[in-house]
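# An overview of the molecular structure
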Amino acid sequence: MPHTLAGEYNPVNSGPVGHGNATVTNGEEGLAAHDAEKPDLIILDLMMPVMDGFTVLQKLKERKSSVPVFVLSSLGQNADIATVRELGAVDFLVKSDVQLEEIITKVRATIGK
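Report on the accompanying structure. (Residues numbered from 1 in each chain as written. Predicted model: local features only at pLDDT ≥ 70, side-chain atom pairs only at ≥ 80, totals over all residues. Heavy atoms only, no water.)

## Here's the deal with the pattern of salt bridges
Heads up, the rule is: By definition here, a salt bridge exists when the distance from a side-chain nitrogen of Lys or Arg to a carboxyl oxygen of Asp or Glu is within 4 Å. By definition, any uninterrupted DSSP run of H or I lasting at least four residues is a helix, any uninterrupted run of E lasting at least two residues is a strand, and each is numbered from the N terminus. Only protein chains enter the area calculation, which uses a 1.4 Å probe; residues under 20% of their type maximum are buried, those over 50% are exposed, and those in between are partly exposed.
This model, assessed by the stated rule, comprises four salt bridges. Salt-bridge contacts for arginine 63 lead to aspartate 35; the nearest nitrogen and oxygen are separated by 2.7 Å. Within this pair, whereas arginine 63 is found in the loop between α2 (53-62) and β4 (69-73), its partner aspartate 35 is found in helix α1 (residues 27-37), the two being separated by 28 residues in sequence. According to the relative accessible area criterion, arginine 63 is partly exposed, its value standing at 40%. Note that aspartate 91 is salt-bridged to arginine 85, the shortest N-O span being 3.8 Å.

Have a look at this one:
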């Protein structure tokens, strides 16, 4: 079964239905979970305590992680989108503009289920 990791400061049912999921509430926990759990996909918020999503993406890039990362954030400035794409995120979704079904469809398409 595919395994997703959600890094979300205020998690509410994080992770698509039908997948194994893990949820963390700060970037430091997210990196540790990435290393320990080897997820198939990460859904990452940018605004988290301890270590923000930008820093998580930078550290994943430094580690040469091949895990696809979707950024799901309240931020939506063009500069933020450009930065996360430069850091390797495969998609950027603005929380207020996206429905759960769209996220599920994108996740399934990315991890092949």
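## Regarding the side chain of aspartate 45
As a reminder, the rule being used: In protein, a polar contact means a hydrogen-donor-capable atom and an acceptor-capable atom, both N or O and within 3.5 Å, with residues adjacent in sequence counting only if both atoms are side-chain atoms; elsewhere, any N or O pair within 3.5 Å suffices.
Among the structural elements, aspartate 45 can be located in the loop between β3 (41-44) and α2. Here the side chain of aspartate 45 touches methionine 47 through a polar contact of 3.4 Å, landing on its backbone nitrogen. Within the structure, aspartate 45 has its side chain in polar contact with the side chain of lysine 95 (distance 3.1 Å).

Bear in mind that shape data such as this cannot, by itself, settle questions of function.
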